[in-house]
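# Structural overview
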Amino acid sequence: FKVEATGTVLPWLSYAYRQVLCYRNEWVRANGFGSYIENAWVNFQLSEKFSVTAGKQDAAWGGFEYDEYPYRIYDYSDMNDWMECYFTGVAVSYEPTGTQEICVQVTNGNDNRSKSPSFYNLGWNSSYLDEVLNLRYSATAGEQAKGKWMYMAWAGHNVCTGPFDGYFDVMYTRGSLDPLGILTELVPPSGENEESSICLRNIQYLSLVAEMNYRFHPKWNAFAKGMYETGSVYKAGDEEGELPDGKYRTAWGLQTGIEFYPMADENLHIFLTGTARFYNLTEKAKALCASIENTQRLSVGFIYKLPLY
């Protein structure tokens, strides 16, 4: 359940606020946070080409799965599901033309997670052929700890023509420390102390995500989505207990579904989806006693974005 308020106070001043109640994130629940503020920012339109956004905001990363409204995503890729994306900071946007945007953003660590890095983002968004082809690219550097850095390069490609709308995202992340925590979560605790685990360093992740939508009727939409993702150690460490280099985890995700929009607008839709996630662990991962189960799910329900004012 989310509460959102957006508006324009003056032609050059706008704002957005969004709070999640009954937050589903396991870390937030475990630390007693029943709700979570995702957005709380103000935007200053300095001129036709320059604007500044300050406050808690989405990280300026590329890709179209990341850019989609959360209520339109039934299952995220591992990359977007595990990566924190709401940070406090400042972003400067420059639009040289109506189809080109360059964004520079600096954010600090997440309000509730001191270990979350500060990010320095450079984003480029563009569209071509009367918005038939759209691109969302970004490059990011984040300081995980003193002297420990992570880097990301995300590229999203979207084609929208007639009833067809599809995208293909390529997302790559690597860090001196595990930037997502997926491989760290995979390795069970070692020794008598259940909180002690192998120190995972020099970790990289690659995600390929594709989705195609077909609006075969004004009130009906069919879609299919595929995901391929890997987790690896890109360089073996010299310290005792560090893992050898190589791939440890591969994940495939398949999803298909149909949506029905009964009203004139798209605030309400009813959905039926089927999702399957498959995982493969290499011998290096199995040697660490790592395990993970495949999952399948059939879902039916509705999502309603209720306009109050």
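Please refer to the structure higher up on the page.
Note that the structure is a prediction, hence the values are computed from the model and not measured.

It is worth spelling out the pattern of salt bridges at this point. Two side chains carrying opposite charge are able to pair once their charged atoms lie near each other. For the structure on display, the rule yields 11 salt bridges. Residues joined by salt bridges that share partners form a network here, namely K2, E4, R18, E38 and K305.

Turning our attention to the packing of aromatic side chains. In total, this model carries 17 aromatic pairs according to the counting rule given. Seen in terms of ring centroids, W61 and F119 are 5.4 Å apart; in terms of plane orientation they differ by 85°. Their pairing is edge-to-face. With W61 in the loop between strand 4 (50-58) and helix 2 (64-67) and F119 in strand 7 (residues 118-128), this residue pair connects regions lying 58 residues apart in the sequence. For the pair W61 and F119, one class covers both residues: buried.

Attention now moves to the pairing of strand 10 (residues 164-177). Across 12 bridges, the pairing between strand 9 (residues 148-161) and strand 10 is antiparallel. By the bridge assignment, Y151 is partnered in strand 10 with R174. Bridge count between strand 10 and strand 11 (residues 201-217): 13 bridges; the pairing is antiparallel. Bridge pairing links D165 to N213 in strand 11.

We now examine the environment of T273. By secondary structure assignment, the location of T273 is in strand 14 (residues 268-281). Counting along the chain gives 17 residues from T273 to T256, while the straight-line C-alpha distance between them is 5.7 Å. For T273, the residues in contact, after removing those within four places along its chain, are Y74, F223, T256, G257, R297, L298 and S299.

With that settled, consider unusual backbone geometry. Phi at L129 is positive, roughly 55°, even though this residue is not glycine. Here L129 is to be found in the loop between strand 7 and strand 8 (133-145). Take L129: its relative accessible area is 66%, and that puts it in the exposed class. In this structure, D130 takes a positive phi of about 60° despite not being glycine. Along the chain, the position of D130 falls in the loop between strand 7 and strand 8.

Rules behind the numbers
- Residues numbered from 1 in each chain as written.
- Predicted model: local features only at pLDDT ≥ 70, side-chain atom pairs only at ≥ 80, totals over all residues.
- Heavy atoms only, no water.
- Salt bridge = Lys/Arg side-chain N within 4 Å of Asp/Glu carboxyl O.
- Phe/Tyr/Trp six-rings, centres within 6.5 Å; stacked < 30°, edge-to-face > 60°.
- Helix = DSSP H or I, 4+ residues; strand = E, 2+ residues; numbered from the N terminus.
- Buried < 20%, exposed > 50% of the residue type's maximum accessible area, 1.4 Å probe, protein only.
- Pairing = 2+ DSSP bridges.
- Contact = heavy atoms within 4.5 Å.

Worth remembering: the numbers are spatial, not functional.
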